[in-house]
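Each chain, letter by letter, is given below.
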Amino acid sequence: MAVLDLKGLLKIFGTDVRAVDEIDLHIEHGELISLLGPSGCGKTTTLRLVAGFIDPNAGEIVMDGDVVSNANSVIPPERRNMSMIFQSYAIWPHKTVSQNVGYGLKFRGITGAEADKRVKSLLSVVQMDHLGARYPSELSGGQQQRVALARALVVEPAVLLLDEPLSNLDANLREEMRFEIRRLHDEFNITSIYVTHDQAEAMVTSDRICVMNSGKIEQVGKPSDIYDIPATKFVAEFVGVTNSIPGKISSPELFEANDGAKFMMNADGGKTGELVSIRPHRIHVHAENADVGGADAQNVLDGEVTRGYYFGSTVDYLVKVPGLEEPLRVIGDPHQFFGVGSKVRLTIEKAAVILVSDS
Amino acid sequence: MTQDAQQLPGMISGGEPSATKKFDYTVIVWVVLLILLIILVANPIFQLFKESFFVSEDEAGGFTFQNYIDAFETDEYYKPMYITMMLAISVGSISLVVGAVMAWVVSRTDIPFPNLIRNGILASFVTPPFLGAIAWIFLAGQNEGWLNKWIRGLFGLSDEFYLFDIFTMKGVIFAMSLYTFPLVFIVVLAGLNNISSDVEDAANVAGGGTFHTMFSITLPLVAPSLFAGFILAALEAMILFGIPAVLAIPAGQHTMTTQLRAFMVSEDDLLGLASAYAMPMLILAVGMVWTRGIVLGRRGYATVGGKGGQRRPQKLGVWRIPIFVLCMIPLVCAIVLPAMALLTTSFMKNLGGGLVWSNLTLWNYHFILTNDAVRESIYNTIMLAIMAATGATIVAAISAFIAQRKLIRGHEYIGFMATAPIGIPGIVLAVGLFAAYTKQPFVLYGTLWIMFLAYLTKYLPLAYQTSNAGLTSIHPELEESCRIMGANRLQVFKDVTVPLFKTAVIASWILVFMPSLRELSASVLLWTTNTKVISVVIVDFYEETLLGPISALGVLLLLITLVAIAVGFRLVGRDFMRSAG
Ligand SMILES: Nc1ncnc2c1ncn2[C@@H]1O[C@H](COP(=O)(O)OP(=O)(O)O)[C@@H](O)[C@H]1O
Ligand SMILES: [Mg+2]
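Throughout, a residue's number is its position along its own chain's written sequence, starting from 1. The lettering of chains begins at A and the numbering of ligands begins at 1, in the order of writing. Totals for whole chains, interfaces and linings use every residue, but because this is a predicted model, local features are given only for residues with pLDDT of at least 70 and side-chain atom pairs only at 80 or more, for both listing and counting. Here the side-chain values reflect all heavy atoms present in the structure, with hydrogen atoms and water set aside.

Thoughts on the sheet that holds strand E13 (residues 262–264) of chain A
All names here are of chain A. Read across the open sheet, the five strands follow the order E13-E12-E11-E14-E20; overall the sheet is antiparallel. Only two strands of the sheet have a single neighbouring strand rather than two, namely E13 and strand E20 (354–356). If you compare each strand with its neighbour and ignore which way they point, the axes differ by 45° on average. As paired elements, strand E14 (residues 275–278) and E20 share three bridges and run antiparallel to each other. Within E20, the position partnered with Val276 by the bridge is Leu355. A strand pair is defined by DSSP finding two or more bridges across the two strands. Per the convention used, a helix needs a DSSP run of H or I reaching at least four residues, while a strand needs a run of E reaching at least two, with both numbered from the N terminus. For helices, the fitted line uses only the C-alpha atoms of the stretch in contact; every axis is such a line through C-alpha atoms, and the angle between N-to-C directions lies from 0 to 180 degrees.

Written as structure tokens, this is what we have:
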């Protein structure tokens, strides 16, 4: 159990690759936080800094009040009481499943019958109890993943680090293992950092999500906040699909798009931004001239359908609206289908219009 | 479950972490590596170069171009160069056709027993070329050759008639090709196996037939492998000493390698002339190896593995059996017939006496096992092979480890240095070593050490490639996962690195041990009375026409090699021969 603090953490590769660019992050005891971002944004580097595999150029990592890494010295990985799940699983091919799982125990003074007992119990937690004598080459990808999980958990680490643990699994298994990881976290309650580039994975597994881009943290928050109230254009577009509309604030509750369209939004004390983000499914489609109620409580826009793809449970529209440069992406109800060229009326609640910054 | 149980011994609790000082081995490692490189490569090549520009001491001494003028203007010396080039091109071409066709058949068709063909071709590395050539004298000598006798008997022809004569240039080309086509086979098979079958399927779907697909899609894609295979085979033909020594010299012809030896054993001091004569070979050989590296790209060293995957083999139909029989012919000629010929001859009193009870004897074995010179050569051979295998493996394993784990600054140049001797022909290397270590202050000539240096240099690149490939397959995360579980660097090394690296190290040892057992082209220039090795004794006996004892020695050499392979299979598994290419 541990509280982690990353303070002004900087890692430069070579002379100018700022892989981790002065990030600050506080991780609560027993929390599962995910680092989410596109490939190359510095997630792995951050994780390996926490593990102690690489030394920071500046800043520090504090664990339960003790500095474990700073620019001058780094406690080696083997003395941090952390566990890590690697992208390649890193199961030792020359050891059996049981030997793999039990390996870390001897460094913690646990041997003999007690060690066997713990290995057995962990193997049963990951539903691998019958495969202890197998060698890794005789296991499927999903089973190797489970061995990696058991091996990481059996030592009851203070911190669990996971680097894209599911990226080598096929789609079905990946979905199943997401829930498995969350279940294990709820059972063991270990402070965990989960690296992924898959937003759905981050949403399902995490208590909080930390969105990274180019070595910097864009936003940290609960999954629902990240999705509903993105802080930046990058977050809004990386986590789900959105309409990003550039323009400027003309009054605290009014945003004016570059081409003239106006959007009412909820005032958010002094928040600034150069764009608004509107999720496609927060836009409702109605027939031309439909009576949609008061235009002072919600935004009402008229436009013309330029594309409509039918998906069974939804319809994916592009609607050209006067005063907007780009057509709006809209997810509509399939029971009322509007063909290309139809005139439609759109309504958007004030709360669905989110002011975001461009950076 | 208490907090205490999880506390790792030595885990810092409170305050600043202690500074972890890392000792920098850069200087030490580089000094050692540079000294090795100087002793093994730089000094011999430099001395070779130097000697080529000096007249021998007992004449005037001093700087001169005379050696080069002599080497290239004298008809007698010029002709071997011409013959060598002719051999290289013909052997290269024949090997290319045979090796490539067999690779295609094994990789792409429904030929029966493809693995038998593949492993058989790998096994043909077991017979040393000079032994093969001697065996082929028994088989295809003009008068006494068994194949000629058999044909005479079959058709009732006169004793004058012969179909085969191994003592001709054609015979030399035939014998060489038997031992060079496997090189093409391995490279081309790897090339073929690396082409995704989708590419070919796509061409088939687009309407291309089997042969159209082969010529328009497959052939261009394997062109680099074909070229590399040709170069390898031609290079081997150029630098082989054993086969021309056995077959060409009696036919009155010298190749560059045998001519080089003639210079070195001459009564006169012809070291300068020999050095000048070695230069074109050195330059050509190194140039060829580089060209091959460039053509094959970064995957310079092909292996037989490759991601074959599921393929839809081409149906050979009625040709299936005939083509299989055709494919077996080179194998029978390279392995089965020579082995049989050597084995039977080794038990015969009289070569022409045939396989009858009265002609059988154990005398040949008795002779080699009681002859002091032979016994000493067996001891020397095994000693040298063990020393070379151990030395090369240690140097290779350590430098590959340092290079792969980026342990020192400049680690990216280590691979280049360890493989620097690649392409230097053994006989040229021997001239260089002779030039470098026969005079004060380093007199190694006359000891086993100079031969050790030759073997070490010759096989270091092979050992390095094997170790390096082994390390590449150990994912760094396997070691990192061990550290994060609580193991320090030393424990990681012991628990993960060593067990996983062991296989490659053993493979590298055996891969150097085997060719060291039969090394000839360098040994033949460096031996002295006390430092003979088996291959040199065989060539000696050959010059004295002691064919029976040669066969017995050959059988013994093959037995030792087979034991080494068997041990290798046991320790490493059957894959270890793969890196032999
Ligand atoms: N050992 C290294 N040497 C040099 N550059 C590196 C190294 N490791 C990572 N980088 C660079 O740092 C950046 C961040 O990499 P990484 O942390 O692996 O990203 P992510 O895990 O988010 O995909 C990338 O631009 C990558 O190329
Ligand atoms: Mg990564």
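Having seen the structure, we can now continue with the description.
What to know about the environment of A:Ile226
Residues and elements named next belong to chain A. By the secondary structure assignment, Ile226 is in helix H7 (residues 223–228). Here's how the labels work: a residue is buried when its accessible area is under 20% of the maximum for its type, exposed when over 50%, partly exposed in between, all with a 1.4 Å probe on protein chains only. Residue classification places Ile226 among the buried positions, given a relative accessible area of 0%. As for Ile226 and Met203, which are separated by 23 residues in sequence, their C-alpha atoms are 9.2 Å apart. When residues no more than four places from it in sequence are discounted, the contact partners of Ile226 are Ile209, Val211, Gln219, Val220, Gly221, Val235, Val239 and Arg279. It only takes one pair of heavy atoms within 4.5 Å for two residues to be counted as in contact.

Side note on the site of ligand 1
All names here are of chain A. Residues in contact with ligand 1, as listed here, are Phe13, Val17, Ala19, Pro38, Ser39, Gly40, Cys41, Gly42, Lys43, Thr44 and Thr45. By the criterion applied in these results, polar contacts are pairs of N or O atoms within 3.5 Å in which, for protein atoms, one can donate a hydrogen and the other can accept it, and in which residues neighboring in sequence qualify only through two side-chain atoms. Interatomic distance of 2.6 Å between a backbone N/O atom of Gly40 and an oxygen atom of ligand 1. In this structure, an oxygen atom belonging to ligand 1 sits 2.9 Å away from a main-chain N or O atom of Lys43. Among the elements that take part in the shell around ligand 1, helix H1 (residues 43–51) stands out by supplying three residues, more than any other. By the convention adopted, Pro, Cys, Tyr, Trp, Phe, Met, Ile, Leu, Val and Ala count as nonpolar, Lys, Arg, Asp and Glu as charged, and the other residues, Gly among them, as polar. In terms of residue class, the shell around ligand 1 is built from five nonpolar, five polar and one charged. Note on terminology: near, applied to a residue and a molecule or strand, indicates that one of the residue's heavy atoms is within 4 Å of it.

Description of the sheet that holds strand E4 (residues 58–63) of chain A
Residues and elements named next belong to chain A. The strand order across the open sheet built from four strands is E2-E1-E4-E5, with neighbouring strands paired in antiparallel fashion. The open sheet has two edge strands, strand E2 (17–27) and strand E5 (66–70), and neither has a second partner. Across the sheet, the axes of successive neighbouring strands diverge by a mean angle of 25°, strand direction being ignored. Inspection of the sheet shows strand E1 (residues 4–13) paired to E4 by five bridges, in the antiparallel sense. Opposite Lys7, over in E4, you have Glu60 as the bridge partner. Packed on one face of the sheet, H1 meets E1, E2, E4 and E5 and runs near 120° to E1.

Observations concerning the domain arrangement of chain B
Residues and elements named next belong to chain B. Each domain's limits were defined by an automated method or a database of domain assignments. If you check the domain split of chain B, you get domain 1 (24–60 + 353–581) and domain 2 (75–301 + 321–345). Relative placement of domain 1 and domain 2: their C-alpha centres are 23 Å apart. The partner domain 2 presents 42 residues to the 44 residues of domain 1 that form the contact. Together, the buried faces of domain 1 and domain 2 total about 3800 Å²; carbon and sulfur atoms form 77% of this surface. Buried area counts how much accessible surface, traced with a 1.4 Å probe, disappears from two parts once they are put together, with both parts' losses summed.

Concerning the confidence of the model for chain B
All names here are of chain B. Known as pLDDT, the predictor's confidence for each residue is given on a scale from 0 to 100. Summing up the model confidence of chain B, the mean pLDDT is 85 and the portion of residues at 70 or higher is 90%. Contacts from residues 1–21, a stretch scored under 50 in pLDDT, to residues over four places away or in other chains number 38 contacts. At the level of chain-chain contacts, confidence expressed as ipTM amounts to 0.85, with global pTM at 0.80.

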